[in-house]
Amino acid sequence: IGLREVLDENYLQYRLRSAEYLGAGLLKHGIPIINPPGGHGVYINAKKLLPHIRPQNFPGQSLACRLYLEGGIRACEIGTLMFGRRDANGKFLAAPMELVRLAMPRRVYTQSHIDYVIEVLGHIARNTKSITGLDVVEAPVVLAHFTAKLKPAEAVRTSTGTKARRHKVAQL
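Residues numbered from 1 in each chain as written. Predicted model: local features only at pLDDT ≥ 70, side-chain atom pairs only at ≥ 80, totals over all residues. Heavy atoms only, no water.

Novice: Break down the packing of helix α4 (residues 59-71) against helix α6 (residues 111-126) for me, with residues and values.
Specialist: Where α4 contacts α6, the two axes come as close as 10 Å, and the packing angle between them is 115 degrees. Overall, the two elements α4 and α6 adopt an arrangement that is roughly perpendicular. Of the two possible hands of crossing, α4 and α6 adopt the one that is right-handed. Counted together, Leu63, Arg66, Leu67, Glu70 and Gly71 of α4 and Tyr116, Val120, Leu121, His123 and Ile124 of α6 form the full contact between these two elements. (Axes fitted to C-alpha atoms, helices over the stretch in contact; angles between N-to-C directions. Helix = DSSP H or I, 4+ residues; strand = E, 2+ residues; numbered from the N terminus. Parallel < 35°, antiparallel > 145°, perpendicular 65-115°, else oblique. Left-handed = near helix turned anticlockwise from the far one by under 90°. Contact = heavy atoms within 4.5 Å.)

Novice: Which residues make up unusual backbone geometry, and what values do they have?
Specialist: A cis amide bond, omega -5 degrees, links asparagine 35 with the succeeding residue proline 36. Turning to its location among the elements, proline 36 is positioned in the loop between α2 (9-28) and β1 (41-45). Even without being a glycine, phenylalanine 58 presents a positive backbone phi close to 55 degrees. Turning to its location among the elements, phenylalanine 58 is positioned in the loop between α3 (46-49) and α4.

Novice: Residue-level account of the nonpolar core, with values.
Specialist: By size, the foremost hydrophobic cluster in this structure holds 25 residues, and its most contacted members are Leu22, Leu26, Ile44, Leu63, Leu67, Leu102 and Leu121. Put simply, the parts of the chain that give this core at least two residues each are α2, β1, α3, α4, β5 (99-103) and α6. With seven residues, the top contributor of residues to this core is α6. (Core = buried A, V, L, I, M, F, W, Y, C linked by side-chain atoms within 4.5 Å. Buried < 20%, exposed > 50% of the residue type's maximum accessible area, 1.4 Å probe, protein only.)

Novice: How would you sum up the environment of lysine 47? Please name residues and give values.
Specialist: By the secondary structure assignment, lysine 47 is in helix α3. In the structure, lysine 47 is positioned 51 residues away from glutamate 98 in sequence and 5.2 Å away in space, judged by C-alpha atoms. Sequence-distant contacts of lysine 47, that is, excluding residues within four places in its chain, are made with Ala95, Pro96 and Glu98. At 3.0 Å, the side chain of lysine 47 forms a polar contact with the backbone oxygen of proline 96. (Polar contact = N/O pair within 3.5 Å; in protein donor to acceptor, adjacent residues only side chain to side chain.)

Novice: Tell me about α2, and please be specific about residues and values.
Specialist: Between its first and last C-alpha atoms α2 spans 28 Å; for 20 residues at 1.5 Å apiece the expected length is 28 Å, and the two agree. For α2, the full list of buried residues reads Tyr11, Arg15, Ser18, Ala19, Leu22, Gly23, Gly25 and Leu26. Down the axis of α2, the sector holding all buried residues measures 165 degrees, keeping them to one side. Residues Glu9, Asn10 and Lys28 are exposed on α2 and point more than 90 degrees away from its buried face. (Expected span 1.5 Å × (residues − 1). Arc of directions from axis to C-beta.)

Novice: Go over the pattern of salt bridges, please, and point to the residues and values.
Specialist: Throughout the structure, instances matching the rule amount to three salt bridges. Across the salt bridge formed by glutamate 20 and arginine 17, the nearest N and O atoms sit 3.6 Å from each other. Of the two residues, glutamate 20 and arginine 17 both sit in helix α2, three residues apart, roughly one turn of that helix. Taking the relative accessible area as the measure of exposure, glutamate 20 reaches 38% and is therefore partly exposed. As a salt-bridge pair, lysine 149 and glutamate 138 come within 3.9 Å of each other at their nearest N and O atoms. Here the residue lysine 149 occupies a position in strand β7 (residues 149-152), and glutamate 138 occupies one in strand β6 (residues 134-138), the gap between them amounting to eleven residues. (Salt bridge = Lys/Arg side-chain N within 4 Å of Asp/Glu carboxyl O.)

Here it is as structure tokens:
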């Protein structure tokens, strides 16, 4: 049934329209996405949404974690945690993009599920300053994004007594 279904024009139109609906809902909340949305999901531009988080502290993964903590929504970071690395001299090289993928597997989500995702992300977008970067606790050299252990970037007191985030350079 799967192969026949994915070749059905009406089904394909429904899939595309669902992704467009999600993308439009996110844009209404000021959430930057990669346009146009694809038939399989929507990509959020975490670099633009969270400009206060340096690449070394994984804005994409920070957003993916916040999505899960706020709404139980699973998403995939496609950014520096996945593609960042160090050159031969040990200099940190960030990924060119910081994306969060909201996949839409077939036959899983209803419009109310999509509305819920839009609602949760709208709340997150109104509170982006509360999202901190992440520091690496441990990570393997190869495929770090699968098994890395992360923690929130540490808050430290500045000389004026205000809190600031100390951003450690990730050891990938």
